[in-house]
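# Structure at a glance
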Amino acid sequence: MEIYLDNSATTRVYDSVVELMTDMMKREFGNPSSLHRKGSQAESYVRYAKQTIAKNLKVNEKEIFFTSGGTESDNLALMGAAFANARAGKHLITTCIEHPAILQTMEHLQELGYEVTYLPVNSMGQILLQDLENALRTDTILVSIMHTNNEIGSLQPLEEAAASVKRYNPNIVVHTDAVQGYGKYRIYPKKMNLDMVSVSGHKIHGPKGVGFLYVNEKIKIRPILYGGGQQRGLRSGTENVPGIAGLGRAVEEIYHNLDQDVEGIFYLKQRFLSGIQTIPDCKINGYLDERSAPHIASVSFRGIRSEVLLHALEDKGIYVSAGSACSSHKPTVSATLKAIGVEPDLLQSTLRFSFSVFTTVEEIDYTLQSLYDIIPMLRRYTRH
């Protein structure tokens, strides 16, 4: 038996996406910049994916730019907007629980002379709007607030935050890393006052190595890659046509029955957390209701190191995460868990379980039974 509960790290690709990409790599393999028919056919797939995503977001297709994934989208958004708007100021605002692709890019910008304010969060992982409003300054040019936290699933008051920023100064650029939220929620940038939105394909049952960045056509942004001038000069490089086509198909698939699918995933999460609550000395991090993402559950198991429990579950064919997959090989304590005030002895005892449309009730129940069996045994061995 193999049970995959690490869907925040990556997801199983839809069969229809695999079929489309396989066909393209074998037959429709032209370069979309080529002038002959093969190139035109490849370009039509890129155009269709762009139209699909633009329609989904209710934006103009020329505002969609394809990238290699969430990390590049975040880098392009932050550096591109910071460089383009530097004359108006060099003050940036973000939160202390962002993905490393945001936090490390902000650190880089600080080295280049920009000033960054990091907003704190409450014990449930949400910013306070008053903190944001207090941080805004006349030289603020960019605010980046994630949609859904990748470790504990907390949702930010994003629409209200963006409205506050725009009331203060409509010229401040508002960006969100929506890598964990897109495909679980309907995101409409124009309505929500979002100037830039980052998305990754492999989090929504699409291929790895492709994503997109929505950029409002009215804002100023500079490229961070230079070359052939593809994608209106903002993101040079030959387009990953199979990946882009697969991403477009994944968007179609994941939003086809969104409400029903999300309801099913949330039911699985609730079933799982109800079972977890019967285990002594376990702490669920974040909200238990709809204020947290439907697919992410963070649990701290007192007295058991996360790596030990992770591998014990792996021995039973259950795959989970000890935190963000993007930093799982680094021996560092989660900034998110520290920010929400998790007790020091639980920081190294936390696992993330994340679900998808492919997860079943039987898999949830098997995982719970495995935890009921494993945890008492591990605690006996670790007690002194």
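Residues numbered from 1 in each chain as written. Predicted model: local features only at pLDDT ≥ 70, side-chain atom pairs only at ≥ 80, totals over all residues. Heavy atoms only, no water.

## A few points about the packing of aromatic side chains
Under the criterion given, the structure shown has six aromatic pairs. Ring geometry for Y182 versus F212: centroids 5.6 Å apart, planes at 85°, classification edge-to-face. Separated by 30 residues along the polypeptide, Y182 in the loop between β6 (173-177) and α7 (189-192) and F212 in strand β8 (residues 211-215) bring together distant segments of the chain. Overall, Y182 belongs to the buried group, its relative accessible area being 1%. Taken together, F272, F301, F353 and F355 form an aromatic cluster joined through their ring pairs. A cation over an aromatic ring shows up here: K58 above the ring of Y188, its NZ or CZ 4.5 Å from the ring centre. In this structure, K90 packs its charged tip against the face of Y114, placed 5.1 Å from the ring centre. (Phe/Tyr/Trp six-rings, centres within 6.5 Å; stacked < 30°, edge-to-face > 60°. Helix = DSSP H or I, 4+ residues; strand = E, 2+ residues; numbered from the N terminus. Buried < 20%, exposed > 50% of the residue type's maximum accessible area, 1.4 Å probe, protein only. Lys NZ or Arg CZ within 6 Å of the ring centre and 35° of its normal.)

## Comments concerning the domain arrangement of the chain
Segmenting the chain into domains produces domain 1 (15-256) and domain 2 (257-379). Computed from C-alpha coordinates alone, the two centres of domain 1 and domain 2 are separated by 28 Å. The partner domain 2 presents 29 residues to the 28 residues of domain 1 that form the contact. Note on domain 1 versus domain 2: buried area summed over both sides is about 2400 Å², and carbon and sulfur give 56% of it. When residues of domain 1 are sorted by the area they lose upon contact with domain 2, E151, I152 and K184 head the list and together hold 29% of the total. The interface formed by domain 1 and domain 2 contains one salt bridge. Notably, a salt bridge pairs D259 with R186, separated by 2.8 Å at the nearest N-O pair. Our count for the contact surface shared by domain 1 and domain 2 stands at nine residue pairs in polar contact (both at pLDDT 80 or more). Element by element, the count of residues in the side of domain 1 that touches domain 2 is highest for helix α8 (residues 241-256), at four residues. (Domains from an automatic or database assignment. Contact = heavy atoms within 4.5 Å. Buried area = accessible area lost by both parts, 1.4 Å probe. Salt bridge = Lys/Arg side-chain N within 4 Å of Asp/Glu carboxyl O. Polar contact = N/O pair within 3.5 Å; in protein donor to acceptor, adjacent residues only side chain to side chain.)

## Notes on the pairing of β6
Burial analysis of β6 places five of its five residues in the buried class, which makes it a mostly covered element. Of the two faces of β6, the one lined by V173, H175 and D177 and the one lined by V174 and T176 are each fully buried. Summarising the sheet, strand β5 (residues 140-144) and β6 pair through three bridges and their orientation is parallel. Looking at β6, one finds that V143 is bridged to V174. You can see the chain leave β5, run along helix α6 (residues 158-168) and come back into β6, and the turn it takes is right-handed. Of the pairings in the sheet, the one linking β6 to strand β7 (residues 196-200) comprises three bridges and is parallel in character. (Pairing = 2+ DSSP bridges. Right-handed = clockwise from strand over helix to strand, strands pointing away.)

## Digging into the packing of helix α1 (residues 15-26) against α8
With their axes 9 Å apart at the nearest point, α1 and α8 run at an angle of 155° to one another. The angle between the axes of α1 and α8 places the two elements in the roughly antiparallel class. When you trace α1 past α8, the crossing you get is right-handed. Mapping the contact onto sequence places S16, V17, L20, M21, M24 and M25 in α1 and V241, P242, G243, A245, G246, R249, A250 and E253 in α8. (Axes fitted to C-alpha atoms, helices over the stretch in contact; angles between N-to-C directions. Parallel < 35°, antiparallel > 145°, perpendicular 65-115°, else oblique. Left-handed = near helix turned anticlockwise from the far one by under 90°.)

## Digging into the pattern of salt bridges
On inspection of all chains with the given rule, the structure shows 16 salt bridges. The salt bridge partner of D23 is R27, with a shortest N-O separation of 2.6 Å. Residue D23 is classed as partly exposed on the basis of its relative accessible area, which comes to 27%. Judged by its relative accessible area of 48%, R27 is partly exposed. The salt bridge involving E61 is made with R47; its shortest N-O contact spans 2.3 Å. Within this pair, whereas E61 is found in the loop between α2 (37-57) and β2 (64-67), its partner R47 is found in helix α2, the two being separated by 14 residues in sequence. The partly exposed category is assigned to E61, whose relative accessible area is 22%. Bridged by salt links that share partners, the residues E115, R137 and D139 form one connected network.

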